[in-house]
Structures are given as C-alpha cells and as structure tokens.
Amino acid sequence: MPSFQFRTKTLFLFLIFLWTTSCGPKSRTEQPVTKVDNTKDSLAKISKPKVEDPITVIQPEKKDNKLSVPQKRPIKKIAIAPEVKKEQPKETVVEPVRQVVKEPVTETPPPKLKEEPVETPPVKVKEPEKVQPAKVDSSLASKPKAKPKGKPFYFKVVRKEDGKEISGSLQLQEAIGASQYQLVKSGEIVYLEQPRNKRGAYNIVALLPGYRQSSLIFGYNNPPIETGPNNEEIITLTLDKAKAGDFIDFNNVHFLKNTSIMRPVSKNELDELAVLLKENSKYKIKIYGYCNGTQARESYTMGTSTDFFALDPKGNKKETISSKELSLARAETVKAYLVQQGIDAKRIGTKGEGGKVPLYLEGGTLGQYNDRVEVEFVKN
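Throughout what follows, the structure given in this document is the object of discussion.

All right, on to the overall build of the protein then. Looking only at helices and strands, the protein has 11 helices and 14 strands in total. Taken over 380 residues, the protein has a buried fraction of 31%. Residue pairs at least 24 apart in sequence account for 66% of intrachain contacts in the protein once pairs closer than 6 positions are excluded. With an accessible surface of roughly 26300 Å², the protein has 56% of that area assigned to carbon and sulfur atoms.

Looking now at the pattern of salt bridges. Across all of its chains, the model carries 12 salt bridges by this definition. Among the salt bridges present, the one from Glu233 reaches Lys151, with a minimum N-O distance of 3.0 Å. Remark: Lys151 occurs in strand S1 (residues 151–159) and Glu233 occurs in strand S8 (residues 233–239); sequence separation between them is 82 residues. Owing to a relative accessible area of 24%, Lys151 belongs among the partly exposed residues under this scheme. Arg159 is the salt-bridge partner of Glu161, the closest N and O atoms lying 3.9 Å from each other. By relative accessible area, Glu161 is classed as exposed at 52%.

With that out of the way, let us pick up the side chain of Asn370. Inspection of the secondary structure puts Asn370 in the loop between strand S13 (348–352) and strand S14 (373–379). The class of Asn370 is buried, set by a relative accessible area of 0%. At a separation of 3.0 Å, a polar atom in the side chain of Asn370 contacts the side chain of Asn292. Here Tyr360 takes part through its backbone oxygen, which lies 2.9 Å from a polar atom of the side chain of Asn370. Those residues in contact with Asn370 that sit more than four places away from it in its chain are Tyr290, Cys291, Asn292, Pro358, Leu359, Tyr360, Leu361 and Glu362.

Bringing the sheet that holds strand S6 (residues 201–206) into the picture now. Pairing between sheet strands relies on hydrogen bonds along the backbone, with the strands arranged either parallel or antiparallel. One open sheet accounts for 4 strands, arranged S4-S3-S6-S7; its pairing is antiparallel. A strand with exactly one partner marks an edge of an open sheet, and here the two such strands are strand S4 (182–185) and strand S7 (214–219). Looking at each pair of strands side by side, their axes are set apart by 30° on average, direction ignored.

Relative to each other, helix H10 (residues 267–279) and helix H11 (residues 323–340) sit at 60°, their axes nearing to 10 Å. In terms of axis orientation, H10 runs oblique to H11. Here H10 runs over H11; the crossing is right-handed. Packed against H10, whose contacting residues are Lys267, Leu270, Asp271, Leu273 and Ala274, the element H11 presents Val334, Tyr337 and Leu338 at the interface. Taken together, the residues of the contact of H10 with H11 break down into 6 nonpolar, no polar and 2 charged.

The biggest cluster of nonpolar side chains holds 27 residues, and the ones touching the most others in it are Met262, Ile285, Ile287, Val334, Leu338 and Phe377. Within the residue set of this core, elements represented by two or more residues are H10, strand S10 (284–289), H11 and S14. Among the elements that take part in this core, H10 stands out by supplying 5 residues, more than any other. Those residues in contact with Phe377, other than ones at most four positions away along the chain, are Gly210, Ala242, Lys243, Ala244, Gly245, Asp246, Ile248, Leu276, Tyr283, Lys284 and Ile285. Core analysis: the second largest hydrophobic core is formed by 19 residues, Leu170, Val184, Ala206 and Leu239 among them.

Time to look at the sheet that holds S14. In spatial order, the strands read S9-S14-S10-S13; together these 4 strands make up an open sheet with mixed pairing. At either margin of the open sheet sits one strand with a lone partner, and together these are strand S9 (247–249) and S13. Taken over all neighbouring pairs, the strand axes of this sheet differ in orientation by 25° on average, direction set aside. Summarising the sheet, S9 and S14 pair through 3 bridges and their orientation is antiparallel. Residue Asp249 lies in a different strand from S14, and its bridge partner there is Glu374.

Parameters at a glance
- Residues numbered from 1 in each chain as written.
- Predicted model: local features only at pLDDT ≥ 70, side-chain atom pairs only at ≥ 80, totals over all residues.
- Heavy atoms only, no water.
- Helix = DSSP H or I, 4+ residues; strand = E, 2+ residues; numbered from the N terminus.
- Buried < 20%, exposed > 50% of the residue type's maximum accessible area, 1.4 Å probe, protein only.
- Contact = heavy atoms within 4.5 Å.
- Areas by Shrake-Rupley, 256 points an atom, 1.4 Å probe, with all protein chains shown as cover.
- Salt bridge = Lys/Arg side-chain N within 4 Å of Asp/Glu carboxyl O.
- Polar contact = N/O pair within 3.5 Å; in protein donor to acceptor, adjacent residues only side chain to side chain.
- Pairing = 2+ DSSP bridges.
- Axes fitted to C-alpha atoms, helices over the stretch in contact; angles between N-to-C directions.
- Parallel < 35°, antiparallel > 145°, perpendicular 65-115°, else oblique.
- Left-handed = near helix turned anticlockwise from the far one by under 90°.
- Nonpolar A, V, L, I, M, F, W, Y, C, P; charged D, E, K, R; others polar.
- Core = buried A, V, L, I, M, F, W, Y, C linked by side-chain atoms within 4.5 Å.

Read these as layout, nothing more, since geometry by itself doesn't imply function.
If you want it as structure tokens, here you go:
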C-alpha cells in the first residue's frame, strides 16, 4: 500500500509539473490579446517594454491623434515577435512611395503621345480639297478658240506731211452717203463680214479733229495691197491738215438729252483737238452747236458746275430755252473744256445754229445724232 500511495503522489506531481510547463507561458501571451480588444488602457501597458520603444519612436502616437483608423496597425505589430518587427516598418514605408511615383509617370504621358499622331491624318486629307481644274478659267480659255466671223482688217491713218500714224474713230459704211454707219478705231484689227450690197465693198470715212475729211472705198474680196503679221488686210488713209474754211464733224462728241452736258465718250476726241491746237499755235477755230428739232424745251445748262461730263443737280441750271439758245450753250460748253485744257479763249469762237441743219430725221432712230457740234478752222 505504501508503495502505491507513493506512486500516485509522484504521478500527481508529475502531472502538475507538466501542466505548469505547458500551460504557463500561453496564459501570459493570451492576457495582452484579450486586453487589447476590450480596453485602450492595455496599449499603454504593452508599450512599456524598452525593446519596443525604438520601433514606435512615438510617431504612431502622432498619427493616431489625427486619424482613428491607423491605430490598429501598430497594435498588430506589437503582437508579432520582436525579431520580425524591425523588418515590417521598412516594407510598409517603401511600398506606398513606389506606388505614388509610378502612377503619374506611367499613366498620364502615354495617352497624350497616342492622341497626337491621330491628329496628323486629317491634315493629309485636306490636300485633295484643291479643285483648281474645276475653275471657270477653263471655260474662258475656250472662248478665244472661236474666231470672230469675217475677215480681219487693219485701218491705218497717217498724216500726209510726215507719214506719222494717227489714232481716231472712223465711220464704216456699206454705201456712200448712207445714213447708218459703224464706228471703228484706227490702229486696231477689226473683223468684218461680207457686205450686203452688190458691189461687195465698204466705204471708210475719216473725220479727225484738225484734218480734212478723207474717205476710201475698198472691196471685200479684192486682193490685199498690204498684209499684216496676223494675215490682216491693211487699209491706209492719208489725211491733210485742215485749212481755213474747212468744217469737221465730231464723231464722238455727244450730249445728254435736252442738256448742254457732254457724255463721257466725248472726252477723247476733245483731247485730240486740244493737242492739235497746242502744236499749232496759229490755228483759230469756231465751234457751231446744233439741236434735234426747233422747238423750245426745258433744259439743263452748266450753270456753276465744273463737271462737263455728268449732271450736277446743285450746280446745273434748269430753265426753259429755245433750240438756238441750247445749241449755243453746247458750243460754250466745248469751248470751256478746251480753255480748261490750256487753250487761249481768244482763239475759239462759238455760234448756235439750233435745229435748222439736221443730218437725220428729227423723229428717226438716228435723230439723237443731230445734237452735235462742228468745228471750222478760221485761220492757220
């Protein structure tokens, strides 16, 4: 019996020893875990060991004041074995820095670089927008290909004394003394169709300021006397200087209806007369004015206006005057223009003939050409 009791006692002691050795350290570690989950005061107790101070360095405490969420992270670090705690802060600090740096560098620039090359192709597409061949110029270029009807003629007017060529307007008629004519310019190529008369000829008349009237009949199908570089037939007229007693009609000096104001087309011919009077200082002329009809009419005269080729409501004078008074006002208008060009007024005389000497029927289609002026060379 005593041996049995001894054995039971030793077995009991052995079991107590085993229980103390196996369960003792676990009870120590479990206590801080349960305390951390229940109360915050346990954190202060756990942070007391001196070994943990260099790891925390009070920095987590500052962060804990600002943010409530990061408080759990230092708690988990404390639960880990002390040997591993030194490696964990290094990893946690480095990882957020790498993530922040990589995001702005890698994500933002590549999309911009990919968008830029996409903008270039639309620029290339604009090049085919050039539609130059479809311009209207191509149609205009085709027009010169169609030659005018008829044959080309070149009317050359020269002075008898020195053979110098003169430019001016000529009257082209199909019959001598015809009431209708076509105005053509000397020094230019003119295309003419076959005349309708039986003779097949034209009559060309030159009435240039300062020269005697000259005319010439030429056949349309006759062999040319002289040919130009473009196969045009050259028709030459020779003019003599006007002498005392010679009358010259102005082909292009015309007036607005029932006025003494000239049309703009009159300027060129009057300028030629002014040049002739400047070159020959001995010339004296007399200007005769004419009207279409002999009745009195409401007319506009120059008045205070200085514009010879356009109506001026403020400067022109409106009045009812006779045909003779209107014809004299027209002669005075031509004189005033020549004086403005530098011709002495003493060398120019004027006279109004009214409607007594018409060239065409008053009510006909050419009656407007009865409103005209003629120049007589009084002395040379």
